[in-house]
Amino acid sequence: MSATITPVDASAADTAPTPAPRLRRFVRPGAALLSGLLLYLSFPPRPLWWLALPAFALLGWSLRGRRLRAGFGLGYLAGLGFLLPLLIWTGEEVGPGPWLALAAIEALFVALAGLGIAAVSRLPWWPFFAAGVWILAEAARARVPFGGFPWGKIAFGQADGIFLPLAAVGGTPVLGFAVALCGFGMYEAYRQIQARRAPGTETGTVRDEDTATGGDTEAGTGTGIEAGTGTGTDSEAGGVGQDRTPATRTGTGFEAGGGARPRTLPRGPLVAAALAVLVPVTGALAALPLVDDSAEDGTATVAAVQGNVPRLGLDFNSQRRAVLDNHVARTRELAEDVKAGRAPQPDFVLWPENSSDIDPYANADAADVIDGAVRAIGAPTVIGAVIAPETGKLRNTLIEWDPDRGPVATYDKRHVQPFGEYIPMRSFVRIFNSNVDRVSRDFGAGTKVGVFDLAGTKVGLATCYEAAFDWAVRDTVTHGAQLISVPSNNATFGRSEMTYQQLAMSRVRAVEHSRSVVVPVTSGVSAVIRPDGEIVAETKMFTPDVLVEKVPLRSSLTPATRMGTLPEALLVALAAAGLGWSALRSLRARRTGAQ
């Protein structure tokens, strides 16, 4: 049977209920904005990881079949709906200006993803290409500008989700791809099912190129109808009226010169939709054996000290000595508890980032109190310090402090935070916000991977912001780390959601590299995480506390660790292939039209 394409009956379109014309134009932008808000709600501290699926389904509905310009605009709305609430903590102490600027700039990457998804949305198997485009945008956002800002990667909202085992397969790119693919697949499956429920349709073997998934019509039915409604154009049900591509072919099931016959739908699009949903779920189940928290190299008893800060906000570090004394006091209290048998003797102790903003190399008094605390606990201790050389840039440094030999090794933070630890384009930025001068002296970046040998345990170090970057954590594991520490200082961001978002990153890293992760934080939330991503101990925010836990040590490498950036590169190549194919098809269509 051949599928002959003819116009849809105008009378049927006229009688179909449609939204008021003025309201219709807001439906699709509203859906894009809502999809971004759902993505935000899927992130911690809420355990609503599954909201990412309807978010991507709704985004797919918003973008499918749109022109590139509309895709960019709709993507930007989705980006704002997602990133404005997600990043509100960035304005906690410096006002709304930096927060709004950061969200507006980062949303541009989501806008570009929207443009790319719109471009590939007419291809066969489009959910796969669309998910690849999303990961392409995430990859770019993690690298530019100023070294990138990967906060808000979809993978970081999935610490409680069923897809988490995929982090061990291909890291955050594969995990994020699976979530996006499943969401897009859910929408496409719904679309295909609705098309097959339309009167007068039957399943056949028509080539995909003769259907909407390969051509210019909607819904894969040759009718131009989305979910049983529409008008025979590219507007889809409730679409934005001003950005339609008229469907030049709409099938009604009539042969060229004869009577009515059932419309024939291909099986291919339905199979593609089903696979888009099933592949991520099946892959996650198949990856479960990679999630292993057994102690390959024995165990270690680790203590994480949360000394707390005198007050919230940017001025916490004006009382640097009080912060140092708090951590010294908690460590000495732990030593007393160990002596009294109330706590086990730790093999090593981890202090947070900025636990001593007084340079112990330049200040003998600071060195003395640190040394006294370390001697009291009798275990090597990692101290977070700010090192201030006489000339040059400051260094955000972790110091391995031995109870007998004092400071024996250091690690300088390799990815310092732009506009937090150094100010790019200082004179220009000062025009908009005078708070830049709170950072009166820039921090410089280190160059060496941080792995300390603490009482026979190799501990990898990723300081605070570095936990968001794939390479910064993976490097420590490939250099032999059996356990990962993420010392952090979140006091600047008050009681916002930031600390929970960052903690979720560490949970994903634990599964990605099959390592225990210990997160000591100046003001909370500090936590001990097992290699399966489970939090076994955590503190409350802005309370002094010490966590002492026995954790498994591991040395085997997950596929994600071994392959490094290869999975991401393959997904980027998938996106590039889809975009290239879409561009080629558009070029061919223009040439055909010109003839």
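Everything here concerns the structure above.
Cut-offs and rules
- Residues numbered from 1 in each chain as written.
- Predicted model: local features only at pLDDT ≥ 70, side-chain atom pairs only at ≥ 80, totals over all residues.
- Heavy atoms only, no water.
- Helix = DSSP H or I, 4+ residues; strand = E, 2+ residues; numbered from the N terminus.
- Buried < 20%, exposed > 50% of the residue type's maximum accessible area, 1.4 Å probe, protein only.
- Patch = residues over 30% accessible without salt bridge, like charges linked within 9 Å, V, L, I, M, F, W, Y side chains within 5 Å.
- Areas by Shrake-Rupley, 256 points an atom, 1.4 Å probe, with all protein chains shown as cover.
- Salt bridge = Lys/Arg side-chain N within 4 Å of Asp/Glu carboxyl O.
- Pairing = 2+ DSSP bridges.
- Core = buried A, V, L, I, M, F, W, Y, C linked by side-chain atoms within 4.5 Å.
- Contact = heavy atoms within 4.5 Å.
- Axes fitted to C-alpha atoms, helices over the stretch in contact; angles between N-to-C directions.
- Lys, Arg positive; Asp, Glu negative; His and termini not counted.
- Right-handed = clockwise from strand over helix to strand, strands pointing away.

Participant: Got a sec to walk through the overall build of the protein chain? Specific residues and values, please.
Facilitator: Looking only at helices and strands, the protein chain has 15 helices and 15 strands in total. Across the 595 residues that make up the protein chain, the buried fraction comes to 56%.

Participant: Go over unusual backbone geometry with me, naming the residues and quoting the values.
Facilitator: In this structure, Pro45 follows Pro44 across a cis peptide bond, with omega equal to 10°. Examined against the element boundaries, Pro45 turns out to sit in the loop between helix H2 (21-41) and helix H3 (52-63). Residue Val525 is reached from Gly524 by a cis peptide bond, and omega for that bond is 0°. Following the sequence through the fold, Val525 ends up in the loop between strand S12 (516-519) and strand S13 (527-529). A positive phi angle, near 75°, is found at Asn308, a position not held by glycine. Inspection of the secondary structure puts Asn308 in the loop between strand S3 (299-306) and helix H9 (320-339).

Participant: Break down a nonpolar patch on the surface for me, with residues and values.
Facilitator: There is a patch of nonpolar side chains on the surface, built from Phe146, Phe419, Met425, Phe428, Ile431 and Phe432 and spanning about 670 Å² of accessible area. Tracing the sequence through the fold places Phe419 in the loop between strand S7 (406-412) and helix H11 (426-430).

Participant: Please provide a residue-by-residue account of the pairing of strand S9 (residues 451-454), values included.
Facilitator: Of the two faces of S9, only one is covered, namely that formed by Phe452 and Leu454; the face formed by Val451 and Asp453 stays uncovered. Two elements, S9 and strand S10 (residues 457-461), share four bridges in a ladder whose sense is antiparallel. Residue pairing across strands places Asp453 opposite Lys458, the latter belonging to S10. As consecutive antiparallel partners, S9 and S10 are separated by two residues, and within that stretch Ala455 has a phi angle of approximately 55°, a positive value.

Participant: I'd like a rundown of the nonpolar core, residues and numbers included.
Facilitator: Within the largest apolar cluster, 76 residues are counted, with the highest numbers of intra-cluster contacts made by Phe56, Trp134, Phe163 and Phe184. Counting residues per element, this core draws most heavily on helix H7 (residues 167-197), which supplies twelve residues. Excluding residues that lie within four positions of it along the chain, Phe184 makes contacts with Phe56, Ala57, Leu59, Gly60, Ile117, Trp126, Pro127, Ala130 and Ala131.

Participant: Tell me about the sheet that holds strand S11 (residues 483-485), and name the residues and values.
Facilitator: Taken together, the six strands give an open sheet; going across it, the order is S9-S10-S11-S12-S13-S14, and neighbouring strands pair in mixed fashion. Each having just a single partner strand, S9 and strand S14 (535-538) make up the two edges of the open sheet. The sheet shows a mean angle of 20° between the axes of neighbouring strands, taken without regard to direction. Relative to S14, S13 runs antiparallel, the two being bridged by three bridges. Bridged to Val528 within S14 is Ala537. Each of S12, S13 and S14 is contacted by helix H13 (residues 498-513), which is oriented at about 20° to S13, the strand it contacts most.

Participant: Which residues make up the side chain of Glu138, and what values go with them?
Facilitator: Mapped onto the fold, Glu138 is located in helix H6 (residues 126-141). Despite its burial, Glu138 pairs with no opposite charge; the closest candidate is Arg141, at 5.0 Å N-O. Those residues in contact with Glu138 that sit more than four places away from it in its chain are Gly152, Lys153 and Ile154.

Participant: Could you give an account of the pairing of S12, with specific residues and numbers?
Facilitator: In the case of a regular strand, side chains alternate between the two sheet surfaces. Judged by which residues are buried, S12 turns out to be covered on both faces: Ser516 and Val518 on one side and Val517 and Val519 on the other are all buried. Strand direction decides the pairing type here: S11 and S12, joined by three bridges, are parallel. Across the sheet, the residue bridging to Ser485 is Val518, located in S12. Remark: the S11/H13/S12 crossover connection has right-handed handedness. As paired elements, S12 and S13 share three bridges and run antiparallel to each other. Paired with Val519 across the bridge in S13 is Ala527.

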